[in-house]
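# Architecture at a glance
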Amino acid sequence: MSKAELIGRLATAIADGDEETVKETARAVLAAGIDPLEAITQGAVKGLDIIGERYQRLEAFLPDLIRGGDAMKACLGVFLPHVKPEQMQSISSGTVVIGTVSGDIHDIGKNLVASMLSVTGFDVCDIGTDVPVKRFIEKAEEVKARVIAMSALLTYSANYQKQVIDYLKDRGLREKYYVVVGGAPVSPEWAADIGADGYARTAIGAGRLMKKLVGGGTAPPLPQPLVVEQ
Ligand code: B1M
């Protein structure tokens, strides 16, 4: 099977929530020497987009979303151990507290960001999903983090990213942390509106962004967020 066929098969198997085919195809991708990061971004993520579109057209339902999410996790289970640190630029390390904001249990993108940060040399403290506002700050204080990273997949839950920043300000802690936001409904404009220091569209971009922030020599808060689109 060609590279394009394997990547296409991966997307289709994720979209169909077919875990066994996903794992089998992911192993075939590795055996063919295809870059696992490319297979994740060009194949697996496309599969989830297909389910999302079906869901919007009422052609797929909650169990389909769940199966798709499980299939993606199985896929990452095969690929992530093969993502090489040298695929990423080396970066100054520091601790990042990462979580999905309150009311939101989507964790696939957040886990991908956490994995990318780990392979780029950050210490990652993943506090999970549906994380209450105060918990981000308590954890950041506890582990002496440099960065608070918040993922949101639901439009309404993105409002909690703002609440975390407001709470940091209320407690006089805003200058201590770079705050980075991301997730499907989040945009550079939103990041600027809520006073975040950075926005990345992708998991790989999040690694680059945090490297720039931590190594950039400008203390938080930044007047305008740094934006990494790719
Ligand atoms: Co949900 N869901 N879901 N879902 N789900 C979406 C997000 C949705 C867009 C589907 C749709 O309508 N087309 C829609 C949200 C609409 C909106 O508000 N804008 C939606 C909905 C409505 C819901 C429910 C409300 C459905 C219901 O119950 N009726 C419900 C909400 C539950 C809750 O959170 N309270 C729900 C539930 C679920 C499941 C649990 C079934 C499952 C999640 C499984 C899991 O995460 N463990 C699920 C899934 C799988 C999806 C879709 C299909 C896929 C999401 C995903 O994992 N994408 C999704 C449709 C879609 O996005 N195509 C959908 C792949 C992932 C790699 O991408 O997370 O965007 P993403 O992350 C990217 C970037 O955004 C970025 O990096 C990643 C990779 O490059 N990124 C960051 C993410 N976080 C970042 C942080 C950063 C930087 C970059 O810095 C900090």
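Conventions and cut-offs
Residues numbered from 1 in each chain as written. Predicted model: local features only at pLDDT ≥ 70, side-chain atom pairs only at ≥ 80, totals over all residues. Heavy atoms only, no water. Helix = DSSP H or I, 4+ residues; strand = E, 2+ residues; numbered from the N terminus. Rg over C-alpha atoms; globule rule 2.2 N^0.38 Å. Contact = heavy atoms within 4.5 Å. Areas by Shrake-Rupley, 256 points an atom, 1.4 Å probe, with all protein chains shown as cover. Donors = N, O, S within 2.8 Å, 3.2 Å for Na, K, Ca; no water. Buried < 20%, exposed > 50% of the residue type's maximum accessible area, 1.4 Å probe, protein only. Polar contact = N/O pair within 3.5 Å; in protein donor to acceptor, adjacent residues only side chain to side chain. Near = heavy atom within 4 Å. Nonpolar A, V, L, I, M, F, W, Y, C, P; charged D, E, K, R; others polar. Domains from an automatic or database assignment. pLDDT = per-residue confidence, 0-100. Core = buried A, V, L, I, M, F, W, Y, C linked by side-chain atoms within 4.5 Å. Expected span 1.5 Å × (residues − 1).

### Section: the overall build of the protein
On a plain count of helices and strands, the protein comes out with nine helices and six strands. For the protein, the C-alpha radius of gyration of 18 Å lies close to 17 Å, the compact-globule estimate for 230 residues. Along the first, second and third principal axes, the C-alpha atoms of the protein reach 55 × 40 × 30 Å. Pairs at least 24 residues apart make up 73% of the contacts formed inside the protein by residues separated by at least 6 positions. Carbon and sulfur atoms form 52% of the exposed surface of the protein, whose accessible area is close to 10900 Å².

### With respect to the coordination of the cobalt atom of the ligand
If you check the protein contacts of the cobalt atom of the ligand, you find one donor only, His106 (NE2), at 2.2 Å. Mapped onto the secondary structure, histidine 106 falls in the loop between β1 (95-100) and α5 (108-119).

### What to know about the side chain of serine 157
As for its position among the elements, serine 157 is in the loop between β3 (147-151) and α7 (159-170). Looking at serine 157, the relative accessible area reads 0%, which means it is buried. Here the side chain of serine 157 touches leucine 154 through a polar contact of 3.0 Å, landing on its backbone oxygen. The contacts of serine 157, once residues within four sequence positions are left out, are Val101, Ser102, Asp104 and Ala152.

### Focus: the site of the ligand
Neighbouring the ligand are 34 residues, the closest being Ile105, His106, Asp107, Ser151 and Thr155. The side chain of tyrosine 55 places a nitrogen or oxygen atom 3.1 Å from a nitrogen atom of the ligand. If you list the elements that add at least two residues to the shell around the ligand, you get α3 (36-56), α4 (62-79), α5, β3, β4 (178-182) and α9 (203-215). Per-element accounting of the shell around the ligand gives the leading share, five residues, to α3. Broken down by class, the residue content of the shell around the ligand amounts to 19 nonpolar, 10 polar and five charged. Both domains that meet at the shell around the ligand, namely domain 1 (3-89) and domain 2 (93-228), each give it at least three residues.

### Some details on the confidence of the model for the protein
As a note on interpretation, predicted positions should not be read in detail where pLDDT is low. In the predicted model, the protein carries a mean pLDDT of 91, and 95% of its residues have values of at least 70. Confidence drops under a pLDDT of 50 for residues 88-92, and excluding neighbours within four residues, the segment shows 15 contacts in the predicted structure.

### What to know about the nonpolar core
Burial of nonpolar side chains together is a common tendency in soluble globular proteins. Counting 41 residues, the largest nonpolar core has Phe79 and Met210 as its most contacted members. Each of domain 1 (3-89) and domain 2 (93-228) contributes no fewer than three residues to this core. Setting aside residues no more than four positions away along its own chain, methionine 210 makes contact with Val96, Leu117, Phe122, Val147, Ala149 and Val180. Counting residues in hydrophobic clusters, the runner-up holds 26 residues, among them Ala140, Ala152, Val181 and Val186.

### Thoughts on helix α1 (residues 3-15)
Its 13 residues give α1 an end-to-end C-alpha distance of 18 Å, which sits within 8% of 18 Å, the value for a rise of 1.5 Å per residue. Buried within α1 we find Leu6, Ile7, Leu10, Ala11, Ala13, Ile14 and Ala15. Packed against the buried residues of α1 are α2 (19-31), α3 and α4. Where α1 terminates, the next one or two residues include glycine 17, which has phi positive at roughly 65°.

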